[in-house]
Amino acid sequence: MSRGRTRLAYVASHPIQNQAPLLRRIAAETDVDLTAFFCSDFSVRGYRDREFGQEVAWDVPLTEGYRHRFLRRFGPDDTAHAFWPITESIGRILRAESFDAVWCHGYSHPNTLRTLLSAHRAGIKTLVRSDIFEGSAQGTGRLRRLKDALVRRIFQNVDRFLA
């Protein structure tokens, strides 16, 4: 990360309303070259929130003020889901475009796991920020121990955690 400008890839499931101002601020920095990669565009298109039982359409710009790309995706794509959509591999993109670091929003989605693994293998620094905390962990017994072991293994490949 010593070439002058740090090439930073931000990876998230979709454009997130409360993250957009932060991404615009980072993009305005002279020493950071930010590109955001999103696995879905459902939040930009508008969607039906199943939990709240209503249509959601943000009235603020979610992708203005910073460079971004939507990854090619496969499978259902109407909301953020624990498994869908699956996207093209971002590892190839990270290597081809010589990113210095990748910042993942979360760590449990298959796309994020693939991104962290690909970046780690390519020697690209990994950063993780998540809304998940110990108190939100679920499960007991063997399932809980398995989850804990998997999370520890994932975290061994993360260079920095962001608050």
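Okay, so let's go over this structure. Quick caveat, the model's predicted, so the values are computed rather than measured.

Here the focus is the environment of leucine 62. Relative to the assigned elements, leucine 62 resides in the loop between strand 4 (54-56) and strand 5 (67-70). Spatially, the C-alpha atoms of leucine 62 and leucine 23 are 9.7 Å apart, while their sequence positions differ by 39 residues. Here leucine 62 is in contact with Pro15, Ile16, Gln17, Ala20, Ser43 and Val44, once residues within four sequence places are set aside.

This part covers the pairing of strand 1 (residues 6-12). Most of strand 1 is tucked away: 7 of the 7 residues are buried. Of the two faces of strand 1, the one carrying Thr6, Leu8, Tyr10 and Ala12 and the one carrying Arg7, Ala9 and Val11 are both buried. Pairing of strand 1 with strand 2 (residues 32-38), which is carried by 7 bridges, proceeds in the parallel orientation. Paired with valine 11 across the strands is phenylalanine 37, a residue of strand 2. Since strand 1 and strand 2 lie parallel, the crossover through helix 1 (residues 20-27) that links them has a hand, and here it is right-handed.

Core analysis: the largest hydrophobic core is formed by 18 residues, its most contacted members being Phe37, Ile90, Leu94, Val102 and Leu116. Within the residue set of this core, elements represented by two or more residues are strand 1, helix 3 (90-96), strand 8 (101-105) and helix 4 (110-121). No other element matches helix 3, which puts 3 residues into this core. Among all residues touching valine 102, those that are not within four sequence positions of it are Leu8, Ala9, Val11, Leu94, Thr115, Ala119, Ile124, Lys125, Thr126 and Leu127. Within the second largest apolar cluster, 14 residues are counted, among which are Ala12, Ile16, Ala36 and Leu127.

This part takes up the pairing of strand 2. Burial within strand 2 is extensive, with 7 of its 7 residues counted as buried. The side-chain alternation of strand 2 yields two buried faces, one formed by Val32, Leu34, Ala36 and Phe38 and the other by Asp33, Thr35 and Phe37. One ladder, built from 4 bridges, connects strand 2 with strand 5; its direction is parallel. Counterpart to phenylalanine 37 in the pairing with strand 5 is arginine 69.

Spatially, the 6 strands line up as an open sheet ordered 5-2-1-8-9-10, and their pairing is parallel. Strands with a single pairing partner mark the edges of an open sheet, and in this sheet they are strand 5 and strand 10 (160-162). Between one strand and the next, the sheet's axes are offset by a mean angle of 25 degrees, whatever the strand orientation. Here strand 1 runs beside strand 8; their pairing, made up of 4 bridges, is parallel. When the sheet's bridge partners are listed, valine 11 is paired in strand 8 with cysteine 104. Lying over the sheet, helix 1 contacts strand 1, strand 2 and strand 8, oriented at roughly 150 degrees with respect to strand 2.

Conventions and cut-offs
- Residues numbered from 1 in each chain as written.
- Predicted model: local features only at pLDDT ≥ 70, side-chain atom pairs only at ≥ 80, totals over all residues.
- Heavy atoms only, no water.
- Helix = DSSP H or I, 4+ residues; strand = E, 2+ residues; numbered from the N terminus.
- Contact = heavy atoms within 4.5 Å.
- Buried < 20%, exposed > 50% of the residue type's maximum accessible area, 1.4 Å probe, protein only.
- Pairing = 2+ DSSP bridges.
- Right-handed = clockwise from strand over helix to strand, strands pointing away.
- Core = buried A, V, L, I, M, F, W, Y, C linked by side-chain atoms within 4.5 Å.
- Axes fitted to C-alpha atoms, helices over the stretch in contact; angles between N-to-C directions.

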